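Okay, here's what each chain looks like letter by letter:
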Amino acid sequence: MKKFIAILLVLTVAASMAFAGGGKQAASGPKNITIGFAQCKADESDWRMANTRSMLNSFNVPGYRLIMSDSNNDAAKQVADVQGFINMEVDYIVIAAVNMDGWDTVLRNAKNARIPVILVDRNINAAEDLWTCYVGPDFKVEGQKATAWMEKHFGSNPVNIVNIQGQLGSGAQVGRSAALDDGVAKHSNWTLLARQTGNWGTDTAKQIMTSWIQQFGDRINCVYAENDNMADGAIQALKEAGKKVGKADGVAIISFDANRPYLQMTLEGLINCNVECNPLHGPRVKGIIDNLEKGIQPKKIEYIEEEAFFWDTITQAIIDARQY
Ligand code: AHR
C-alpha cells in the first residue's frame with residue numbers, strides 16, 4: 001500500500017511539474033487544461049487503486065494538468081475539496097462521489113463559476129442541470145447479475161444470506177444492496193440474516209463475518225460481499241472457522257469488482273460469482289473532456305458494459321487477458 005502511495009505521489013508531482021508554470025499554457029502552446037479530480041480514497045481498495053492509476057496515467061500527458069484530492073472517504077471533506085477546485089478556477093471538475101447526497105450547494109457554485117462537472121464511477125442525488133454527465137456502472141444491474149446467479153445456484157432451496165455492504169450512502173452500495181433487497185422480496189426461500197457495512201475493507205469484513213459465524217453458525221450458506229476486498233475478509237473468517245467455502249457445496253461467495261487476484265480466487269472456486277465493476281475510467285473521462293473542448297456534448301448518462309465471472313466457467317486465459 002505504501003508503495004502505491006509513493007508511486008501516486010510521484011505521478012501527481014510529475015503531472016504538476018510538467019506544468020510548473022501553473023495557470024494556463026502560454027498563448028503560443030496547446031491549451032493547458034486543468035482538471036480537479038475529487039477521489040474518494042485513492043488506496044481504499046484494489047479497485048480504487050486501479051481507478052486512481054487509470055485517471056493519473058490518462059492525464060499525465062502534455063496539455064493537461066490533473067490535480068487529485070483525496071477525501072479519505074469523508075463526504076464533507078470531498079465537498080470542500082470540490083469547492084477548493086472552484087476557488088482555483090480549474091477548467092473541469094471530476095468527482096468519484098463518496099456519498100450520493102450533499103452535492104447541490106457546491107455543484108451550484110461550480111455552475112455559477114461555469115465549470116463543467118463530470119461524475120465518474122459513482123452516481124449522486126443532485127439536480128441534473130448541476131452536472132454535465134455521468135460515466136460509470138449501473139450498480140443495481142451489477143447486483144442483478146449476482147442475484148441471477150443466486151437464483152440458478154440455489155433454485156428452490158433455502159438461501160440464508162449475510163450482506164457485507166460497501167460504504168453506506170455510496171452509489172455502489174445503494175445499487176448493489178437494492179438488487180439484493182429485490183431478490184429477497186421476490187423469493188420466499190431467501191432470508192437476509194444480517195447486513196453491515198465493511199467500508200470496502202478486508203479486515204473489517206473479516207471481523208464482521210467472524211461474529212456472524214458465531215451468531216448464525218452453519219445457517220449461513222451465502223455471503224453477498226459488495227467488493228473483492230470484503231469478500232476476501234469473509235473467506236478468511238470462514239476458512240478459520242473450518243467452514244467449506246465456495247464451489248458447488250460450500251458457503252456461496254458473491255463478490256464485485258473482478259480485480260485479477262480475486263478472479264484467481266474465482267478460478268479456484270473460493271468465489272462463486274464475481275461481478276465486474278470496471279475501474280479504468282481515465283480514458284473515458286479524457287475522451288469526454290477532449291470532446292467538450294471541441295464543443296461536442298457527451299451523453300448525460302453513459303453506463304459502461306460489464307461482465308460477470310463464475311467459478312465453474314472462468315478460465316486462466318480469461319484472467320490473463322484482463323487489464324486490472
Ligand atoms: O464505486 C466502485 C466501488 O468503490 C468498488 O466496488 C469498490 O471496491 C470501491 O471502493
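Residues numbered from 1 in each chain as written. Predicted model: local features only at pLDDT ≥ 70, side-chain atom pairs only at ≥ 80, totals over all residues. Heavy atoms only, no water.

*Asks:* What's the story with the domain arrangement of the chain in this structure? I'm lost.
*Replies:* Interfaces are often described in size by the accessible area the parts lose on coming together. Under the domain assignment used here, the chain contains domain 1 (2-135 + 279-293) and domain 2 (139-277 + 310-320). Centre-to-centre separation of domain 1 and domain 2, based on C-alpha positions: 31 Å. Counting residues at the interface gives 13 residues for domain 1, matched by 15 residues for domain 2. When domain 1 packs against domain 2, close to 1100 Å² is buried across both sides, 48% of that on carbon and sulfur atoms. Our count for the contact surface shared by domain 1 and domain 2 stands at five residue pairs in polar contact (both at pLDDT 80 or more). By residue class, the composition of the side of domain 1 that touches domain 2 is five nonpolar, four polar and four charged. (Domains from an automatic or database assignment. Contact = heavy atoms within 4.5 Å. Buried area = accessible area lost by both parts, 1.4 Å probe. Polar contact = N/O pair within 3.5 Å; in protein donor to acceptor, adjacent residues only side chain to side chain. Nonpolar A, V, L, I, M, F, W, Y, C, P; charged D, E, K, R; others polar.)

*Asks:* I keep staring at the side chain of S69 and nothing clicks. Help me out?
*Replies:* Relative to the assigned elements, S69 resides in strand β2 (residues 64-70). Judged by relative accessible area, which is 11%, S69 ranks as buried. In this structure S69 touches F37, A38, Q39, D81 and F85, once residues within four positions along its chain are discounted. (Helix = DSSP H or I, 4+ residues; strand = E, 2+ residues; numbered from the N terminus. Buried < 20%, exposed > 50% of the residue type's maximum accessible area, 1.4 Å probe, protein only.)

*Asks:* I'm lost on the site of the ligand in this one. Help?
*Replies:* The local shell around the ligand holds 13 residues, among which E44, D121, R122, R176 and D257 are the closest. Separating an oxygen atom of the ligand from a side-chain N or O atom of R176 is a distance of 2.8 Å. Burial of the ligand by the surrounding chains reaches 100%, relative to a free accessible area of 280 Å². Those elements that provide at least two residues to the shell around the ligand are α2 (46-59) and α6 (171-186). Counted by class, the shell around the ligand contains five nonpolar, two polar and six charged residues. Split by domain, the shell around the ligand shows at least three residues from each of two domains, domain 1 (2-135 + 279-293) and domain 2 (139-277 + 310-320). (Near = heavy atom within 4 Å. Areas by Shrake-Rupley, 256 points an atom, 1.4 Å probe, with all protein chains shown as cover.)

*Asks:* Is there a simple way to think about the sheet that holds strand β4 (residues 117-120) in this case?
*Replies:* Pairing between the strands of a sheet comes from backbone hydrogen bonds, and it takes one of two forms, parallel or antiparallel. The strand order across the open sheet formed by six strands is β2-β1-β3-β4-β5-β11, and the pairing between neighbours is parallel. Of all the strands in the sheet, the pair left with one neighbour each is β2 and β11 (301-303). Each strand of the sheet is rotated relative to its neighbour by a mean of 20°, with strand direction disregarded. Taken together, the three bridges between strand β5 (residues 133-136) and β11 define a ladder with parallel strand orientation. (Pairing = 2+ DSSP bridges. Axes fitted to C-alpha atoms, helices over the stretch in contact; angles between N-to-C directions.)

*Asks:* I'm lost on unusual backbone geometry in this one. Help?
*Replies:* Across the chain, the bulk of peptide bonds are trans and the bulk of non-glycine residues have phi less than zero. A positive phi angle, close to 60°, is found at N73, a residue other than glycine. Inspection of the secondary structure puts N73 in the loop between β2 and α3 (75-88). Looking at N73, the relative accessible area reads 14%, which means it is buried. Its identity as a non-glycine residue notwithstanding, W200 has a phi of 70°, on the positive side.

*Asks:* Looking at this structure, how should I read the packing of α3 against helix α4 (residues 104-112)?
*Replies:* Pairs of packed helices are described in terms of their axes, by the angle between the two and the distance that separates them. Interhelical geometry of α3 versus α4 gives an angle of 10° and a closest axis separation of 10 Å. As judged from the angle between their axes, α3 and α4 are roughly parallel. Two secondary-structure elements touch here, α3 through V79, V82, Q83 and I86 and α4 through V106, N109 and A110. (Parallel < 35°, antiparallel > 145°, perpendicular 65-115°, else oblique.)

*Asks:* How should the layout of surface pockets be read in this particular structure?
*Replies:* Space inside the largest pocket adds up to approximately 150 Å³. For the lining of the largest pocket, the secondary-structure elements that each account for two or more residues are α2 and α9 (260-267). Ranked by residues supplied to the lining of the largest pocket, first place goes to α2 with four residues. For the lining of the largest pocket, a count of residues per class yields five nonpolar, two polar and three charged. (1 Å grid on protein atoms, 1.4 Å probe; cavity = no way out; pocket = protein on both sides within 12 Å on 5 of 7 lines; lining within 4 Å. Points joined across faces, edges and corners; volume = space filled by probe spheres on them.)

*Asks:* Any chance you could explain the nonpolar core here in plain terms?
*Replies:* Side chains of nonpolar character tend, in soluble globular proteins, to be buried together. With 52 residues, the main nonpolar core has I93, I95, L107, M209 and V223 as its most contacted residues. Counting the residues that make up this core, at least three belong to each of domain 1 (2-135 + 279-293) and domain 2 (139-277 + 310-320). Those residues in contact with V223 that lie beyond four places of it in its chain are V162, I164, M209, A234, L238, V251, A252, I253 and I254. I33, C40, Y64 and V98 belong to the second largest nonpolar core, which has 24 residues in total. (Core = buried A, V, L, I, M, F, W, Y, C linked by side-chain atoms within 4.5 Å.)

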